[in-house]
Amino acid sequence: MSDRDRYREFQTEALPHMEALYSFAVYLCRNREVARDLVQETYLRAWEHWEQFQPGTNCKAWLFTILRNLYINLYRKQQRAGEIIEYDEAETELEQPNVVEQAATPSVETEFYRSLLDEEVQQALAALPEAYRTVVILCDLEDFTYEEIAQMLGIPIGTVRSRLHRARLRLATLLEAYARQRGWIR
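Below: a short report on this structure. (Residues numbered from 1 in each chain as written. Predicted model: local features only at pLDDT ≥ 70, side-chain atom pairs only at ≥ 80, totals over all residues. Heavy atoms only, no water.)

Here we come to the overall build of the protein. For the protein, the helix and strand inventory stands at 12 helices and zero strands. Sequence-ordered secondary structure for the protein, helices as α and strands as β, is α-α-α-α-α-α-α-α-α-α-α-α. In the protein, which comprises 186 residues, the share counted as buried stands at 43%. Within the protein, contacts between residues separated by at least 24 positions form 62% of all contacts whose residues are at least 6 apart in sequence. Here the protein displays about 10600 Å² of accessible surface, and carbon together with sulfur accounts for 49% of that area. (Helix = DSSP H or I, 4+ residues; strand = E, 2+ residues; numbered from the N terminus. Buried < 20%, exposed > 50% of the residue type's maximum accessible area, 1.4 Å probe, protein only. Contact = heavy atoms within 4.5 Å. Areas by Shrake-Rupley, 256 points an atom, 1.4 Å probe, with all protein chains shown as cover.)

See the structure below:
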């Protein structure tokens with residue numbers, strides 16, 4: 001394949017997902033500048049390893065996996081520097097407050113969700129533990145399949161299903177008054 005054909009294929013397959021990658025990076029980092037850098041690094045890595053992408057597979061999921069892995073590496077680097085805790089630790093401690101979330105500028109995530117959701121829904125989503133919120137965003141906002149989410153997060157598909165189920169139950173509880181107010185339930 002010529003460099004020109006490779007570039008056209010990359011443009012066609014990878015570049016349309018930039019906005020979704022950026023939104024997810026903002027969600028992860030809660031910092032627009034770091035999110036931009038993370039997306040840029042994701043595309044750089046994707047271009048460098050484009051021959052590993054299997055045409056006909058989900059390029060968006062492949063890019064999200066690269067972004068997530070880069071983010072985890074950033075977390076680990078910052079943890080070694082004594083700045084923040086490791087992503088995996090934050091994800092497994094479901095009921096513990098997220099150190100990164102507390103330290104970050106809260107308006108970034110709020111601005112991102114404000115464009116998509118009502119304030120009550122935003123607050124309910126923000127109240128979910130990190131691991132639950134991640135699967136809800138990937139499944140319900142980004143439209144990834146359970147299999148793709150499991151692969152991206154490196155967890156069994158059953159874990160994805162159970163986290164999503166628990167997250168939706170919590171959201172239903174948190175949003176019951178909101179739904180009654182809107183007349184969606186009695």
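This brings us to the packing of helix H2 (residues 18–29) against helix H4 (residues 59–80). What describes two packed helices is the angle between their axes and the distance between those same axes. At their nearest, the axes of H2 and H4 sit 11 Å apart, and the two run at 25 degrees to each other. The angle between the axes of H2 and H4 places the two elements in the roughly parallel class. Judged by the sense of rotation from one axis to the other, the crossing of H2 with H4 is right-handed. For the pair H2 and H4, the contacting residues are Ala-20, Leu-21, Phe-24, Ala-25, Leu-28 and Cys-29 in the first and Lys-60, Leu-63, Phe-64, Leu-67 and Tyr-71 in the second. Grouping the constituent residues of the contact of H2 with H4 by class yields 10 nonpolar, no polar and one charged. (Axes fitted to C-alpha atoms, helices over the stretch in contact; angles between N-to-C directions. Parallel < 35°, antiparallel > 145°, perpendicular 65-115°, else oblique. Left-handed = near helix turned anticlockwise from the far one by under 90°. Nonpolar A, V, L, I, M, F, W, Y, C, P; charged D, E, K, R; others polar.)

Taken as a whole, the second largest pocket spans an internal volume of roughly 180 Å³. Gln-52, Phe-53, Gln-54, Thr-57, Asn-58, Ala-61, Trp-62, Thr-65, Glu-148 and Gln-151 together form the lining of the second largest pocket. Among the elements of the structure, H4 and helix H10 (146–153) are those that each provide at least two residues to the lining of the second largest pocket. In terms of residue count, the dominant contributor to the lining of the second largest pocket is H4 (three residues). Looking at side-chain class alone, the lining of the second largest pocket contains three nonpolar, six polar and one charged residues. (1 Å grid on protein atoms, 1.4 Å probe; cavity = no way out; pocket = protein on both sides within 12 Å on 5 of 7 lines; lining within 4 Å. Points joined across faces, edges and corners; volume = space filled by probe spheres on them.)

By the definition in use, this model includes seven salt bridges. Ionic pairing is found between Arg-168 and Asp-140, a salt bridge with its closest N-O pair at 2.5 Å. You can see Arg-168 sitting in helix H11 (residues 157–174) and its partner Asp-140 sitting in helix H9 (residues 130–141), a full 28 residues away along the chain. Under the relative-accessibility criterion, Arg-168 is labelled partly exposed at 36%. Its salt-bridge partner being Glu-176, residue Arg-180 comes within 2.6 Å of it at the nearest N-O pair. Of the two residues, Arg-180 and Glu-176 are both situated in helix H12 (residues 176–182); the distance of four residues between them amounts to about one turn of the helix. Classification of Glu-176 as partly exposed rests on a relative accessible area of 34%. (Salt bridge = Lys/Arg side-chain N within 4 Å of Asp/Glu carboxyl O.)

Two elements in contact, H4 and H10, have axes separated by 9 Å at closest approach and are oriented at 25 degrees. Our classification of the angle between H4 and H10 gives roughly parallel. Classified by chirality, the crossing of H10 by H4 is right-handed. Within the contact between the two elements, H4 uses Ala-61, Phe-64, Thr-65 and Arg-68 and H10 uses Glu-148, Met-152 and Leu-153. Grouping the constituent residues of the contact of H4 with H10 by class yields four nonpolar, one polar and two charged.

For the rest of this paragraph, the subject is the nonpolar core. With 49 residues, the main nonpolar core has Phe-24, Trp-62, Leu-63, Phe-64, Leu-67, Leu-138 and Ile-149 as its most contacted residues. Listed by contribution, the elements that provide at least two residues to this core are H2, helix H3 (32–48), H4, helix H8 (119–127), H9, H10 and H11. Tallying contributions element by element places H4 first for this core, with 10 residues. Setting aside anything within four residues of it in sequence, one finds Leu-63 in contact with Ala-14, His-17, Leu-21, Thr-42, Tyr-43 and Ala-46. (Core = buried A, V, L, I, M, F, W, Y, C linked by side-chain atoms within 4.5 Å.)

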